[in-house]
Each structure stands twice: as C-alpha cells, then as structure tokens.
Amino acid sequence: MSAISKRFSAPAEDGSHDIQLAYQTQDLLRMLAGRLPTRAEIEALSAEKGLALSSQFLHRAVLASQPHGAFIRHVQTTKPAPWPAAEGLPPVEVVFVPSVSPGLRLRWGGHVDWMRGLAREIGFTTDVIGTSERESITGNARLIGECLRRTKAERVCLVTVGRGTAETRLLLQRRGRGARELEKVRAWISVGGSFWGSRAASLRLSGKFAGLGARAEFWAKRAKFAALQELSDETGIWRAPLAVHDRMMIVSVFGLLTSERAPAALRAGFERLQAHGPNDGGVLAYEAMARPGLLYPVPGLSHAAEEVVLGPVLQRLLTSVGASIRRSSEAWERLAPGHSAPF
C-alpha cells in the first residue's frame, strides 16, 4: 500500500463520508506540498481505495499546484469574446483533428462540427485535417504533417481529441522540434488525448481471444489493426520525452468521470480502466496529461467530449490561448518591426 493511500481510512457508510473525504484529501494535499501526485500513487490509491476518492484527490491536487491552478482560475474568469485583430499580424487559425479512440462506440470526428462552430463564434478562422478512422497512427500522423505544411495559416492553434493527440505526438517525435510545419503550431489543446500511449489499447490486446476480437472489429471496419498496436502504452515511442518547440503552448484537458456519469457507449471502457485510475471512459487521466504543459481537469467530462460540458470550457480556452498567441506576436513585432516571429 502506498504512503498516500495509507492515509485514507475506509469510506464511511453514512452521510459523513463526503465531509470525511474532503478532510482527508486536504490532509494529503499538505503532504504533497504543492507537487502533483505521481501516476503510481494515483493508480495505487484507485486500486486500494476506489475511483471516486482518487479522482477528487487528483482534481484538487491539480488546482493546488502551480502553474496549473493559476491558469485554471484565469480561464474560468475569461469571458469568451472575439479578440481584436492586430494590424499587420496574421490571424490565429484553429485547426481540428477529427478522431476517436479505438474500441469505443463513438462517431469518428463527432466533435468537430460543434467545436468548429464555437471557434467561429468568437472570431477564429478554422480548418479541419482529414484524418481517417481506417488509417494507422503513423498514417494519420503523416496526413497531419502534410496538411500543416500546405496550410497558409502562419499561427495555428491545434485541437485534438482522443487518438488524434497520439497521432500529433507521433508527428512531433518523428519530425523533431525544428520541423518548419510544426513551427506554425503556436498552441495545442488536447482533449482526452493519449500522450503516453493507451492502457485501454493494451488491455484490449492482452489475452489470445481479446486480441482476436479486436482484430475482427478492425477487419469489419476495414481499418488497420496496427492503429491499436501502435496506441498501446507498451509501445516504446510513448516512453520518449515530448518533443515540442519552446513556443508551443500545450493545454491538456481531461475528464474525471464517475460511474454514475459514464455514458452507455463508454461504460465498458470505463469499467476496464477504473481499477487503474481516474479516467474518462477512453483514456486514463495521466495518459492525457502532457508534460511539459498546462493541465485542465473537467469533472463529469467523458471521452465523448460532450458539448454541454466541454463547450463553455473550450470557448474560454480558445479566447485565452488566442490572446496569448497574439500578445506574443505583438511583442515580437515591437522588437523586430516588419519581421514575422520565428515560430
């Protein structure tokens, strides 16, 4: 039993449980002294004391840590609104990567239309990269790179969901920090994405018959089974440090789901993952947390990226991130008038 999980007594059976839980969580936050709990600590806590407790603890730990807590408070108080275009500077374009993690009964790219509408509502130009459900992670990473090379946008805010995050991360690892098409990406908002591979993919591949069932499912969709194998958290590429250039702002949005809030389409995925830690029914919270980067947990958000839960958060994030990109560009223009920023 981990040192953190030892500090929790068994849950009370009466209404005092919530009060007890809040008190014990606060006690553990003092033990952390401002740091985030490790993945191993959270996984042990989930296995030994339950998902509700570990999810609340992780959420409060992120809020209490810096710079994440300050960033979350800033975004929560940001009013979604068009940012006035600066004369002589290119606009920020929001580019969406349609996807969904394998094995979930969700429509590929079902999030794109409403997300794109919200981005346009607050004054952003938008584009969509045409990735395919039938492609491998490597194949879609190549498509993302090609689209970024072709785009005329000079300042891009990339938005990825689910396996789209892994595909983008693979592109970064293969192309390296200095790739010119990636210099255009000034911000990256990942929603429920797999930065460190997918435990869910590994679980679906474990065991002879489980692997056969997954193969049959991919065959029925005429999709490449390699996508599931590449996405597994046992794949070596996901153990490498995240390769990003210094001016790419990364925000990891991840859901903290409870059994009562898990949608029917994600119920099986949620139940597979709950012993391993807080999750959104598709990915574990720690898989969705980019390091380095800013963290934004959203209690009640599932891997389906529900508009009613995520929409207000996304608009505030886009407003805040867009303002940050523009301020950086304006500062560079003052230092070197007539020259575009290096990234």
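Reading the values: the criteria
- Residues numbered from 1 in each chain as written.
- Predicted model: local features only at pLDDT ≥ 70, side-chain atom pairs only at ≥ 80, totals over all residues.
- Heavy atoms only, no water.
- Helix = DSSP H or I, 4+ residues; strand = E, 2+ residues; numbered from the N terminus.
- Buried < 20%, exposed > 50% of the residue type's maximum accessible area, 1.4 Å probe, protein only.
- Contact = heavy atoms within 4.5 Å.
- Areas by Shrake-Rupley, 256 points an atom, 1.4 Å probe, with all protein chains shown as cover.
- Pairing = 2+ DSSP bridges.

A. Expanded view of the overall build of the protein chain. For the protein chain, the helix and strand inventory stands at 14 helices and six strands. Every one of the 343 residues in the protein chain was classed for burial, and the buried ones make up 55%. Sequence-distant contacts, at least 24 apart, represent 77% of the contacts inside the protein chain between residues at least 6 apart. In the structure as shown, the protein chain presents an accessible area of about 15,000 Å², 55% of it carried by carbon and sulfur atoms.

B. Quick peek at the pairing of strand 1 (residues 92-97). Burial runs high along strand 1: six of the six residues are buried. Side chains V92, V94 and F96 of strand 1 all project onto a buried face; the interleaved residues E93, V95 and V97 project onto the opposite face, where all are buried too. In the sheet, strand 1 pairs with strand 2 (residues 125-128) via four bridges, with the strands oriented parallel. The residue of strand 2 that forms the bridge with V94 is T126.

C. A look at unusual backbone geometry. A cis amide bond links Q66 with the next residue in sequence, P67, at an omega value of 10°. Its place among the elements puts P67 in the loop between helix 4 (51-64) and helix 5 (68-76). The omega angle of the peptide bond from R291 to P292 is 5°, so this bond is cis rather than trans. With respect to the secondary-structure elements, P292 resides in the loop between helix 13 (267-273) and strand 6 (294-299). In this structure, A305 is a non-glycine residue whose phi angle is positive, near 50°. Within the secondary structure, A305 is located in the loop between strand 6 and helix 14 (307-335).

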